[in-house]
Amino acid sequence: MKKTNKIKTRIISTVLSAITVCSVGTVALTSASAASNTVSAGTTITDDYSIKLDSDLNAVKNLTSSTIFKVLEECTGWGKFVTPALGGLLDSFVGTEDQTAQKLDEISDKIDKLFDRIDSLESSMKTAFTTELGINSFYNKFIEFKSQTKAMQKKIDETLVNTKLSNADKMAKIASLTGNYSEWRAKFEDVLGSLNELFKQPVMTRNNNIFELSYNHYTNTSLLSGEAIDKAKPVCDYVMSAYSAGCATIMESLSAQLYVNALPEKTQAAINKDFSAHICRDADDVADEIKEVNRYLTTDEIKEGESIYYIGSDGVHYNNADFSLEGKYYKIKPYNGWITTVELKPIYPTDIFYGLYQRVTEGSRCIYVDKGNSNIAMSNKLSVLDHTKNPNANGKWSDDAGKNTADWFNNTLAGDALNGDKIKALANDASSKGITLRTLLDQNGFDTSNLPQNTNLVTEGARNDSVSSLSELVGYNYQRSCYKGINIDQVGASERTIQLIDCGVNIWKNDRWNYAYSGNACVFKLA
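What you are looking at is a predicted structure, and each value in this text was computed from that prediction instead of being measured.

Reading the values: rules and limits
- Residues numbered from 1 in each chain as written.
- Predicted model: local features only at pLDDT ≥ 70, side-chain atom pairs only at ≥ 80, totals over all residues.
- Heavy atoms only, no water.
- pLDDT = per-residue confidence, 0-100.
- Contact = heavy atoms within 4.5 Å.
- Core = buried A, V, L, I, M, F, W, Y, C linked by side-chain atoms within 4.5 Å.
- Buried < 20%, exposed > 50% of the residue type's maximum accessible area, 1.4 Å probe, protein only.
- Helix = DSSP H or I, 4+ residues; strand = E, 2+ residues; numbered from the N terminus.
- Salt bridge = Lys/Arg side-chain N within 4 Å of Asp/Glu carboxyl O.
- Axes fitted to C-alpha atoms, helices over the stretch in contact; angles between N-to-C directions.
- Parallel < 35°, antiparallel > 145°, perpendicular 65-115°, else oblique.
- Left-handed = near helix turned anticlockwise from the far one by under 90°.
- Nonpolar A, V, L, I, M, F, W, Y, C, P; charged D, E, K, R; others polar.
- Polar contact = N/O pair within 3.5 Å; in protein donor to acceptor, adjacent residues only side chain to side chain.
- Phe/Tyr/Trp six-rings, centres within 6.5 Å; stacked < 30°, edge-to-face > 60°.

Overall, the predicted model of the protein reaches an average pLDDT of 76, with 73% of residues at or above 70. Here residues 1-104 scores under 50 on pLDDT; set against residues more than four positions off or in separate chains, the count is 211 contacts. Note on residues 300-307: pLDDT under 50 across the span, and 16 contacts to partners over four residues away in sequence or across chains.

Time to look at the nonpolar core. Counting residues in each nonpolar core, the largest one holds 72 residues, and the members touching the most others are Phe129, Phe138, Phe199, Phe211 and Tyr243. If one sorts the elements of this core by residue count, helix α11 (residues 225-261) sits on top with 19 residues. In terms of nonpolar packing, the next biggest core, distinct from the first, is built from 24 residues, Ala417, Leu418, Ala430 and Ile488 among them.

As for its placement among the helices and strands, Gly134 is situated in the loop between α6 (122-132) and α7 (136-160). As a C-alpha pair, Gly134 and Val203 span 69 residues in sequence and 8.9 Å in three-dimensional space.

One pass over the full model with this rule turns up 13 salt bridges. Measuring nitrogen to oxygen at the nearest pair gives 3.9 Å for the salt bridge that ties Lys424 to Glu495. Here Glu495 lies in the loop between β14 (475-487) and β15 (496-506) and Lys424 lies in helix α17 (residues 420-433), a separation of 71 residues in the sequence. The class for Lys424 is partly exposed, based on a relative accessible area of 30%. Residues Asp429 and Lys433 are paired through a salt bridge, measuring 2.7 Å at the closest nitrogen-oxygen approach.

A few words now on the packing of α6 against α7. α7 packs onto α6 with a crossing angle of 150° between their chain directions and a minimal axis gap of 8 Å. Our classification of the angle between α6 and α7 gives roughly antiparallel. For the pair α6 and α7, the sense of crossing is right-handed. Of the residues in α7, those in contact with Glu122, Lys126, Phe129 and Thr130 of α6 are Asn136, Phe138, Tyr139, Ile143 and Lys146. Tallied by class, residues from the contact of α6 with α7 come to four nonpolar, two polar and three charged.

A few words now on helix α10 (residues 210-219). Taken across its 10 residues, α10 has seven buried, putting it largely inside the fold. Every buried residue belonging to α10 is among Ile210, Phe211, Leu213, Ser214, Tyr215, Tyr218 and Thr219, and all of these are buried. A distance of 2.9 Å separates the backbone nitrogen of Phe211 from a side-chain oxygen at the start of α10, and that oxygen is part of Asn209.

Following the criterion strictly, the structure yields 18 aromatic pairs and no others. Consider the rings of Phe199 and Phe353, whose centres lie 4.4 Å apart with planes at 15°: the pair is stacked. Placement of Phe199 in helix α9 (residues 181-200) and of Phe353 in helix α15 (residues 353-361) is noted, with a sequence separation of 154 residues between them. Of the two residues examined, Phe199 and Phe353, each falls in the buried class. Ring pairing ties together the aromatic residues Phe129, Phe138, Tyr139, Phe142, Phe145, Phe199, Phe211, Tyr238, Tyr243, Phe353 and Tyr357, which thus form one cluster.

Below is the structure:
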């Protein structure tokens, strides 16, 4: 690792140090010394060897959402258990008594279960990485990192329950697992550094990170981006889970080094030399190592006014917000001749892996990718038209009602994002899955709540279908208009012709009529 300059760590690094010190340093250390010792900026070991947080770090419970534990919570089922336990752990260090050892065991247990879950998926993930994605080099380095950190986590677990070690020696043994500075470089710097580079570009000939590569691969077997995201997500979750758990484990040990180095000299002198010999004594070097592990994993909270990236409630990505209100961000955009607001969710920047993960797993699900042949971004809400709103179906005879109805229909639903062949492909896809088009759309992030039952998805615009005869025996003029579409609520539905209006006159019978057929039509709109 290239040593950085000795600039003080940013607040989030301090927070992470405090968090991980807490997570491995909750066993009370006994000593007669009454001195207070600084662990890192903003934290102090008090006389009873608990952790005192200064006013800045008292906000730590609000910042935990930006830490590795939030990452674990977002992409696995275990993090949601870890985060509350961590919060309780921090509470115990701010003037309240708690069963901190029990909470530490709970955190360790959840990380263990996370590693077990990762292991249970390894066989299927190996196939995904090596056969489907063809990224053996990434997989091999990834497994090397996972194996190293899992073995370290096991040693941490064993150390915590070892009744033959003093509490100080337990902390020192955990701290020694990453080794002194030269040992750290030999053990972790190369594998972690190489893995980080492979995260950003697993295949030299493709300018994609690991998450984009996975998504792009699965677009080749999907018509809509939502399906491709769903196929890629297990791979992305597996990668992010193992990386997060591994980094969390390393940071436990590195933070324990900060803790041990801050102990009184008398306490340090009593520590088993087999452990202390493998602890880096330069606090700045340890801080650099913590920052290096943390480099691609966490970030500061996103602040209002910063240039960030958003995902809208409409499934569209935005580079900026138009305004914020009560802590929420919004975009103003036109909709059906009116304007509407879209709520935006800020996401992390691309200089951390979680931001790259979000851009794929929380990306727009409403893109027509056509098995890698298209990239048509669509709004998640379709435009819908009620047949009975036809102004030409007014009960009065008109000799151009058919043409005017076709014009009205086509103008109202102008700007269809997909042509008929693409829509029929979606219908065939739904049919092959044994589901309706509505279900297919719902599964892929579209909001179909505005589409009445049995709405038809338009495959071909309306045309004038009028006929007339002025023979001596029969005199009539039938004004008709129809379009082609597919029912979104029928499994296996295919394209059919749908009539919009029936307007006519029978001269010999002195009969006139004009009425609209009930029903609804809908089309996709560009984002």
